Amino acid sequence: MAADNMHLVADLGSRVRELTLFHDVMRILQRDDSVSAAEWLNQIVEAVARSWPHRGSIAVRGRLGPFEVATTSFDKLTPLHAARFTVADGRTGSIEIAYAGDHSAAEEQQTYRALLEDITEMFRTAVDRRLVMAALRQSEQRYRSVVEHQSGLVCRYLPDTTLTFVNEAYCRFFGKRREELIGTRFIDLIPEADRPAALRNVREILEGGEPRVDEHSVVMPDGS
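Residues numbered from 1 in each chain as written. Predicted model: local features only at pLDDT ≥ 70, side-chain atom pairs only at ≥ 80, totals over all residues. Heavy atoms only, no water.

Chemist: Sorry, what's going on with the overall build of the chain here?
Modeler: When helices and strands are tallied, the chain shows 6 helices and 6 strands. Ordered by position from the N terminus, the helices and strands of the chain form the series α-α-β-β-β-β-α-β-β-α-α-α. Judged by the C-alpha coordinates and their principal axes, the chain covers about 95 × 40 × 30 Å. Burial status across the chain gives 32% buried among its 224 residues. Excluding contacts between residues fewer than 6 apart, the proportion of contacts in the chain whose partners are at least 24 apart in sequence is 48%. Surface accessibility of the chain: about 13800 Å² in total, with carbon and sulfur atoms responsible for 53%. With 28 positive and 34 negative side-chain charges, the chain shows a spacing of 3 Å between the two charge centroids. (Helix = DSSP H or I, 4+ residues; strand = E, 2+ residues; numbered from the N terminus. Buried < 20%, exposed > 50% of the residue type's maximum accessible area, 1.4 Å probe, protein only. Contact = heavy atoms within 4.5 Å. Areas by Shrake-Rupley, 256 points an atom, 1.4 Å probe, with all protein chains shown as cover. Lys, Arg positive; Asp, Glu negative; His and termini not counted. Charge placed at Lys NZ, Arg CZ, Asp CG, Glu CD.)

Right under this line is the structure:
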């Protein structure tokens with residue numbers, strides 16, 4: 001085989017390995033929340049070990065905070081490539097490649113370093129996204145807990161006064177279940193004579209965007 005053709009085959013082989021590795025990492029990171037970040041890293045280390053060039057003479061180690069995982073014989077080989085990162089909660093980590101032989105050609109170092117940094121960045125981004133989503137869920141749970149357990153009436157509604165949320169105190173006050181109130185218009189709970197003023201107040205809130213204090217009558221469950 002001509003030298004140019006051999007070089008082309010080698011390049012194609014490297015490209016296939018890279019694409020396979022990217023596909024494996026993406027598939028790992030798309031799994032649901034039942035998979036921990038540590039397990040993500042463990043599976044990525046295994047994927048890198050399978051698809052990395054010279055895979056017969058390398059070992060891989062991954063770290064995230066106190067968690068560490070490595071393939072066989074990592075400590076006995078020479079670490080050559082490493083990509084380090086810090087996730088949103090302050091934990092540091094890295095993915096490292098160690099070699100048994102001499103694979104330190106400058107061209108290979110640059111190519112492999114860039115590949116490892118891309119894989120590591122995919123992992124860091126996924127961990128950060130999970131941390132942000134977890135923080136948002138905790139914030140929403142705290143908000144709902146505060147809203148649900150206070151005695152004051154709390155509701156949220158659209159510009160046409162359609163209710164989209166009511167707390168338990170609101171339900172008790174009007175003697176209706178949450179399902180009966182959501183999707184109805186709160187303007188219908190106000191005496192007809194007071195409705196123009198209430199609608200005007202809503203309109204002024206939409207136009208000005210400033211907090212306002214408004215007081216109006218409501219129709220009780222017994223019609224009073």
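Chemist: Sorry if this is basic, but what is going on with the nonpolar core here?
Modeler: As a rule of thumb, nonpolar side chains are buried together in soluble globular proteins. With 31 residues, the main nonpolar core has Leu-21, Trp-40, Ile-44, Val-48, Trp-52, Ile-97 and Phe-123 as its most contacted residues. Broken down by secondary-structure element, the contributors of at least two residues to this core are α1 (3–29), α2 (37–51), β1 (58–64), β3 (78–86), β4 (92–99) and α3 (106–149). Apart from the residues lying within four places of it in its own chain, the contact partners of Trp-40 are Ile-28, Leu-29, Arg-31, Val-35, Phe-123, Ala-126, Val-127 and Arg-130. Residues Val-166, Leu-181, Phe-186 and Val-202 belong to the second largest nonpolar core, which totals 12 residues. (Core = buried A, V, L, I, M, F, W, Y, C linked by side-chain atoms within 4.5 Å.)

Chemist: Can you walk me through the sheet that holds β4 in this structure?
Modeler: Sheet strands line up and pair through hydrogen bonds in the backbone, either parallel or antiparallel. The sheet built from 4 strands is open, its strands ordered β2-β1-β4-β3 with antiparallel pairing. A strand with exactly one partner marks an edge of an open sheet, and here the two such strands are β2 (67–70) and β3. Within the sheet, the average angular offset between the axes of one strand and its neighbour, ignoring direction, is 10°. The pairing of β1 with β4 spans 7 bridges and is classified as antiparallel. In the sheet register, Gly-62 faces β4, and the bridge partner there is Ile-95. Against the sheet, α2 engages β1, β2 and β4, with an angle of about 165° to β1. (Pairing = 2+ DSSP bridges. Axes fitted to C-alpha atoms, helices over the stretch in contact; angles between N-to-C directions.)

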